[in-house]
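A closer look at the structure
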Amino acid sequence: MNKAQTLSTRYDPRELSDEELVARSHTELFHVTRAYEELMRRYQRTLFNVCARYLGNDRDADDVCQEVMLKVLYGLKNFEGKSKFKTWLYSITYNECITQYRKERRKRRLMDALSLDPLEEASEEKTPKAEEKGGLDRWLVYVNPIDREILVLRFVAELEFQEIADIMHMGLSATKMRYKRALDKLREKFAGIAET
């Protein structure tokens, strides 16, 4: 390594913006991973929370997070910056969560089909009980997967509606409408539970 290369690698990644870290990653990967590691450090906790709330369990969330980090590592050199890094990251996360969700659903169907005891299958709980969890998790079981992802991206990842629409390949108005309907459904459900 020559002197110019040595000097160019001397920087504190914590002081750089996401865009600057992406630019560094373009030139450094795969020899130096400091910029990439800083990007992952910044978003690691929120990334895990998004996955855990979407998938409903920590084990699958861990698996998906690992897959997302690998995809970012290998895709970062080709990231053109047409959207914010954060939006691109959550787009990858959303797609990986959907893939994992479908895998688990197929696995569950297969297990149900292979079940020898129909009574055991009938009594098996398909979704976690709302009382077992607190906060947002408690209510996410009451909405469908697409609406759940919109709520998670809005409240956990704190994305703007346009960013959510881009990630989910939906129109902005459709995203806002689904968000509003999901919240209305949860308010109705909450009112019903509060009255009992």
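Our subject is the structure that appears above.
Residues numbered from 1 in each chain as written. Predicted model: local features only at pLDDT ≥ 70, side-chain atom pairs only at ≥ 80, totals over all residues. Heavy atoms only, no water.

1. Let's talk about the overall build of the chain
In terms of helices and strands, the chain carries 10 helices and 0 strands. Pairs at least 24 apart in sequence give 60% of the contacts found in the chain among residues at least 6 apart. Accessible surface, the chain as shown: approximately 12,200 Å² in total, 51% of it carbon and sulfur. (Helix = DSSP H or I, 4+ residues; strand = E, 2+ residues; numbered from the N terminus. Contact = heavy atoms within 4.5 Å. Areas by Shrake-Rupley, 256 points an atom, 1.4 Å probe, with all protein chains shown as cover.)

2. Concerning the pattern of salt bridges
Under the defined criterion, the tally for this structure stands at 12 salt bridges. Lys71 is the salt-bridge partner of Glu96, the closest N and O atoms lying 2.8 Å from each other. One end of the pair, Glu96, is in helix α5 (residues 85-114); the other, Lys71, is in helix α4 (residues 58-75), and 25 residues separate them in sequence. Exposure remark for Glu96: the relative accessible area of 12% places this residue in the buried category. A salt bridge links Asp184 to Arg187, with the shortest nitrogen-to-oxygen separation between them at 3.0 Å. Residue Asp184 and its partner Arg187 are located together in helix α10 (residues 172-195), separated by 3 residues, close to a single helical turn. (Salt bridge = Lys/Arg side-chain N within 4 Å of Asp/Glu carboxyl O. Buried < 20%, exposed > 50% of the residue type's maximum accessible area, 1.4 Å probe, protein only.)

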